[in-house]
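# Per-entry structural report
In case you want the letters, here they are:
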Amino acid sequence: MNEMTFLKNLDFIRTGGSKEELKAAEFIQAELQKLGLKAKIEDFPVHASTISKAELEVTKPYKKSIPCTGYMNSVSAELTKDMYYLRNKNDERDLQNIKDKIVFLDGGLPYWTYKSLIENGAAGFITCNGNLHDDDTDIDYKEIREPLEKLGQLPGVNIHLKDGYPMIQNNAQTVKLTLKQTPVKNAKSRNVVCKIKGQDDEIIVFSAHYDSVPLSHGIYDNATGALTIYKLAEYFASHKPKHTLVFVWCGSEERGLLGSIAFCKKHQKHLKDYRLNINVDMIGSHLGEFDTRVSAEDKLAHYIDYFSSEVGFANKVTTGAYPSDSTPFASNGVPSLSFARNTHLEPIHCKYDDMSTVSEKNIKEDIAYILEFSKRMANSALIPVKKEIPENIQKKLDEYNYVKKPE
Ligand SMILES: [Zn+2]
């Protein structure tokens, strides 16, 4: 199947755990089967609650109802409390003021902020998405992610910053927060997994997430990555590799890398044979530079840099942890790297990430580069990458996985 047709087949919202995600998984599975490959859908549980009511109202010194969405996987509540705008989220001098308040955050809900809210006795919270001068006031659907759930339960709502700003300007003092939802249950998300057997049992694993966030068709992020590893599978289906290749289309990446975490857990005892993970998250955009983040020994980053010169492809190579499905592999000791055409200029995680964000020419060029690199690795006499995660990378991974608080 050609590139743009593949993307058009994924041109719908595919939230992790939804029936639309299943439809996308079945499409990918069917396309692999057309190539003569065996592909299976591996289910894994994700948390889900159903929200029946989410309301926010300023009650003092004026009355105003504020459009909001409720945080899934939190708790039901009906509270009228003083509101406190927490400006300095990591500062004890500010945190000491939040006890029994509904805390207003001028952004999302990072792990360490949520932990501070719990530890300092907040009663609930309000987060904001968007920018003050957006044309729209689309409100994102949010959830308490699984690592945060373990810290405790606080009710929360999300609003658009355009609706939140007047609350700060007008010194909203007391707010009423109402949230009704079912207890948290397990829903089903899924990975699509396909193996191409090589001449040996050393494994290179390719990954790309195919889910999207609730407001987005996720073409650039990350139907393009799903397409990339499909094109690699298509190539290797007819060009038998030396090493064994595993392809994983990950579900629920946007909900906290849940698909790749589930894959590593399910295949834990075979991970000793996994030598390298090549992840793709967002390519082919009109704007933006190509970059690569390596979570492995420095030598791999140097090799990719030299390789890029050899083939004449501009690529900014750095080392560290990347917020995508490469990180669970690296966290499980599998050297990994993530390719992206990264830019803050193209929209992601909103309704503007559609077919208009991607260029057929750039998609073809980016995939050709990734394929060329993948051929080198798949057919190498020896897989050159040392199977260890250096200390400086491990530190970044620990920070990403909330093991250590970033300094
Ligand atoms: Zn992504």
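The structure under discussion appears in the preceding block.
Because the structure is predicted, anything quoted here is derived from the model rather than measured.

Turning to the coordination of the zinc ion, a few remarks are in order. The protein atoms donating to the zinc ion are H209 (NE2), D221 (OD), D281 (OD) and D281 (OD), with metal-donor distances spanning 2.0 to 2.6 Å. One can describe the donor arrangement at the zinc ion as irregular, given that its 4 donor atoms subtend angles of 52 to 146° at the metal. Each donor residue of the zinc ion lies on the same chain, and together they follow the pattern H-x11-D-x59-D. Placement of the pair is H209 in strand 11 (residues 203–209) and D221 in helix 7 (residues 219–238), with a sequence separation of 12 residues. The exposure class assigned to D221 is buried, which follows from its relative accessible area of 5%.

On to the nonpolar core, then. L7, L32, F247, W249, L300, L337 and F373 are the most contacted members of the largest nonpolar core, which has 59 residues in total. Here the element with the most residues in this core is helix 7; it accounts for 10 residues. Not counting the four nearest positions on each side in its chain, W249 is found in contact with I28, L32, R190, N191, V192, C194, A208, Y210, A226, I229, Y230 and A233. In this structure, A77, A123, C128 and V157 belong to the second largest nonpolar core, which totals 21 residues.

Let us now look at the packing of helix 9 (residues 298–311) against helix 11 (residues 360–378). It is the contact of helix 9 with helix 11, at a shortest axis distance of 11 Å, that shows an interaxial angle of 125°. In terms of axis orientation, helix 9 runs oblique to helix 11. Crossing hand, helix 9 versus helix 11: right-handed. Seen from helix 9, the contacting residues are L300, Y303, I304, F307, S308, E310 and V311; seen from helix 11, they are Y369, E372, F373, R376 and M377. Considered class by class, the residues forming the contact of helix 9 with helix 11 number 8 nonpolar, 1 polar and 3 charged.

The next thing to look at is the environment of K364. Relative to the helices and strands, K364 resides in helix 11. A C-alpha to C-alpha distance of 7.6 Å links K364 and G284, two positions 80 residues apart in sequence.

Direction of pairing for strand 2 (residues 51–60) relative to strand 9 (residues 174–181): antiparallel, over a ladder of 8 bridges. Bridge pairing links I51 to Q181 in strand 9. Direction of pairing for strand 2 relative to strand 3 (residues 64–66): antiparallel, over a ladder of 3 bridges. Opposite L56, over in strand 3, you have I66 as the bridge partner. In textbook terms, the turn of a hairpin is the stretch between consecutive antiparallel strands, and for strand 2 and strand 3 this stretch comprises 3 residues.

A separate point is the sheet that holds strand 6 (residues 102–104). Sheet architecture is open: 8 strands sit in the order 3-2-9-5-6-7-8-4, paired in mixed fashion. What marks the edges here is a single partner per strand, and that holds for strand 3 and strand 4 (69–70).

For helix 2 (residues 19–34), which comprises 16 residues, the first-to-last C-alpha distance of 23 Å matches the rise-based estimate of 22 Å (1.5 Å per residue) to within 8%. Structurally, helix 2 contributes buried residues whose contacts are with helix 1 (3–8), strand 1 (39–48), strand 10 (185–196), helix 7 and strand 12 (244–250). Of the residues one or two after helix 2, G36 is the one with positive phi, at around 85°.

Our next topic: the sheet that holds strand 13 (residues 274–280). Pairing between sheet strands relies on hydrogen bonds along the backbone, with the strands arranged either parallel or antiparallel. The 8 strands lie next to each other as 1-10-12-11-13-16-14-15, forming an open sheet whose pairing is mixed. The sheet terminates laterally at strand 1 and strand 15 (316–319), the two strands that pair on one side only. Strand-to-strand twist of the sheet, defined as the mean angle between neighbouring strand axes without regard to direction, takes the value 20°. Here strand 1 pairs with strand 10 via 10 bridges, running antiparallel. Paired with E42 across the strands is N191, a residue of strand 10.

Right, let's talk about the pairing of strand 12 for a bit. The element strand 12 is largely enclosed, with a buried count of 7 among its 7 residues. A two-sided burial pattern is seen for strand 12, the buried positions comprising T244, V246, V248 and C250 on one face and L245, F247 and W249 on the other. As paired strands, strand 11 and strand 12 are joined by 7 bridges and run parallel to one another. Within strand 12, the residue paired with V205 across the bridge is V246.

Relative to the helices and strands, I367 is located in helix 11. Residue I367 is classed as buried on the basis of its relative accessible area, which comes to 7%. The sequence separation of I367 and V280 amounts to 87 residues, and the corresponding C-alpha distance is 9.9 Å. Each residue touching I367, except ones within four places of it in the same chain, is listed here: E3, L227, T228, K231 and I283.

To continue, consider the packing of helix 7 against helix 11. With their axes 10 Å apart at the nearest point, helix 7 and helix 11 run at an angle of 50° to one another. Here helix 7 lies oblique to helix 11, going by the angle between them. As for the relative orientation of helix 7 and helix 11, their crossing is right-handed in sense. Across from L227, T228, K231, L232, Y235 and F236 in helix 7, the residues of helix 11 making contact are I363, I367, I370, L371, S374, K375 and A378. Split by residue class, the contact of helix 7 with helix 11 holds 9 nonpolar, 2 polar and 2 charged.

The rules behind these values
Residues numbered from 1 in each chain as written. Predicted model: local features only at pLDDT ≥ 70, side-chain atom pairs only at ≥ 80, totals over all residues. Heavy atoms only, no water. Donors = N, O, S within 2.8 Å, 3.2 Å for Na, K, Ca; no water. Tetrahedral: all angles 85-135°; square planar, octahedral: opposite > 155°, others 65-115°. Helix = DSSP H or I, 4+ residues; strand = E, 2+ residues; numbered from the N terminus. Buried < 20%, exposed > 50% of the residue type's maximum accessible area, 1.4 Å probe, protein only. Core = buried A, V, L, I, M, F, W, Y, C linked by side-chain atoms within 4.5 Å. Contact = heavy atoms within 4.5 Å. Axes fitted to C-alpha atoms, helices over the stretch in contact; angles between N-to-C directions. Parallel < 35°, antiparallel > 145°, perpendicular 65-115°, else oblique. Left-handed = near helix turned anticlockwise from the far one by under 90°. Nonpolar A, V, L, I, M, F, W, Y, C, P; charged D, E, K, R; others polar. Pairing = 2+ DSSP bridges. Expected span 1.5 Å × (residues − 1).

Purely spatial values, then, with no claim about function.
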